[in-house]
Amino acid sequence: MAYSEKVMDHFANPRNVGELPDANGVGEVGNSKCGDIMRMYIKVEDNVIQDVRFKTFGCGAAIATSSMATELIKGKTVEEALKLTNKAVMEALDGLPPVKVHCSVLAEQAIKAAVSDYYRRRGVDPTPIVGQVPECGECACHG
Ligand code: FES
């Protein structure tokens, strides 16, 4: 299965790449098997994700899914962002080849890690809200 046009577009022209100096939530997840790492920066105001950036040191599918994921959570509430699944990101990209599905999990986990950091900075325990975000080496990529 070839990559969809949308995947190729987000890979070639990723949206929201970079860092956010005034981010109030930063999360990093990784896949120790392939060595790919994704870092997500969010700026939350009034419970809404005003801005988001990402850096992905990884494969094309990981770059495309993180790009699409940032587009999907921008302007959304924190709760809405937490509901974003890797399946929804893949659907928005018109699918991924089966061997690349695990790459899309990184984007979902990176958002959860960034939101967890946001809660922690506010003195809120994120675990009951976000759940356990797997540390690098424990995530679904390794299943
Ligand atoms: Fe590692 Fe895609 S091969 S995230």
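Analysis parameters
Residues numbered from 1 in each chain as written. Predicted model: local features only at pLDDT ≥ 70, side-chain atom pairs only at ≥ 80, totals over all residues. Heavy atoms only, no water. Salt bridge = Lys/Arg side-chain N within 4 Å of Asp/Glu carboxyl O. Buried < 20%, exposed > 50% of the residue type's maximum accessible area, 1.4 Å probe, protein only. Pairing = 2+ DSSP bridges. Helix = DSSP H or I, 4+ residues; strand = E, 2+ residues; numbered from the N terminus. Axes fitted to C-alpha atoms, helices over the stretch in contact; angles between N-to-C directions. Expected span 1.5 Å × (residues − 1). Contact = heavy atoms within 4.5 Å. Polar contact = N/O pair within 3.5 Å; in protein donor to acceptor, adjacent residues only side chain to side chain. Parallel < 35°, antiparallel > 145°, perpendicular 65-115°, else oblique. Left-handed = near helix turned anticlockwise from the far one by under 90°. Nonpolar A, V, L, I, M, F, W, Y, C, P; charged D, E, K, R; others polar.

(A) Structural view of the pattern of salt bridges. All told, the structure shown has 11 salt bridges when counted by the stated rule. Linking D9 and R15 is a salt bridge whose minimum nitrogen-to-oxygen distance equals 2.7 Å. By relative accessible area, which is 30% here, D9 ends up partly exposed. One salt bridge connects R53 with D51, and the closest N-O pair in it is separated by 2.9 Å. Sharing partners across several salt bridges, the network here consists of D22, K43 and E45.

(B) The arrangement of the sheet that holds strand β1 (residues 25-31) in detail. Pairing is antiparallel across the open sheet formed by 3 strands, whose spatial order is β1-β2-β3. The open sheet has two free edges, formed respectively by β1 and β3 (48-57), since each of these has just one partner strand. Averaged over all pairs of adjacent strands, the angle between their axes in this sheet comes to 15°, without regard to strand direction. By the bridge criterion, 7 bridges tie β1 to strand β2 (residues 36-45) in an arrangement that is antiparallel.

(C) Spatial organisation of helix α2 (residues 60-73). Taking 1.5 Å as the rise per residue, α2 with 14 residues should run 20 Å; its terminal C-alpha atoms sit 20 Å apart, in good agreement. Taken residue by residue, α2 has A61, A62, I63, A64, T65, S66, S67, M68, A69, T70 and I73 as its buried positions. Those residues of α2 that are buried are in contact with α1 (5-12), β2, β3, α3 (78-82), α4 (86-92) and α5 (101-121).

(D) View of unusual backbone geometry. Positive phi values are uncommon outside glycine, yet D46 reaches one of about 50°. Mapping D46 onto the fold places it in the loop between β2 and β3. Although it is not a glycine, D94 adopts a positive phi angle of roughly 65°. Relative to the helices and strands, D94 resides in the loop between α4 and α5. For D94, a relative accessible area of 48% gives the class partly exposed.

(E) Geometry of the side chain of D51. Inspection of the secondary structure assignment puts D51 in strand β3. Within polar-contact distance, the side chain of D51 engages the side chain of R53 at 2.9 Å. Excluding anything up to four places from it in sequence, D51 contacts L20, Y41, I42, K43 and K74.

(F) Seen up close, the pairing of β2. Where β2 meets β3, 9 bridges bridge the pair, whose relative direction is antiparallel. By the bridge assignment for β3, M40 is matched with F54. Two successive antiparallel strands, β2 and β3, enclose a turn made up of 2 residues, where D46 displays a positive phi of approximately 50°.

(G) Quick look at the packing of α2 against α5. Across the interface, α2 lies against α5 with an axial gap of 8 Å and an inter-helix angle of 40°. One finds that α2 runs oblique with respect to α5. Read as a crossing pair, α2 and α5 show a hand that is right-handed. Touching A61, A62, T65, S66, A69 and I73 of α2 are C103, S104, A107 and I111, all from α5. Each residue belonging to the contact of α2 with α5 can be placed in one class, and the counts come to 7 nonpolar, 3 polar and no charged.

Function cannot be read off these values alone, since they describe shape.
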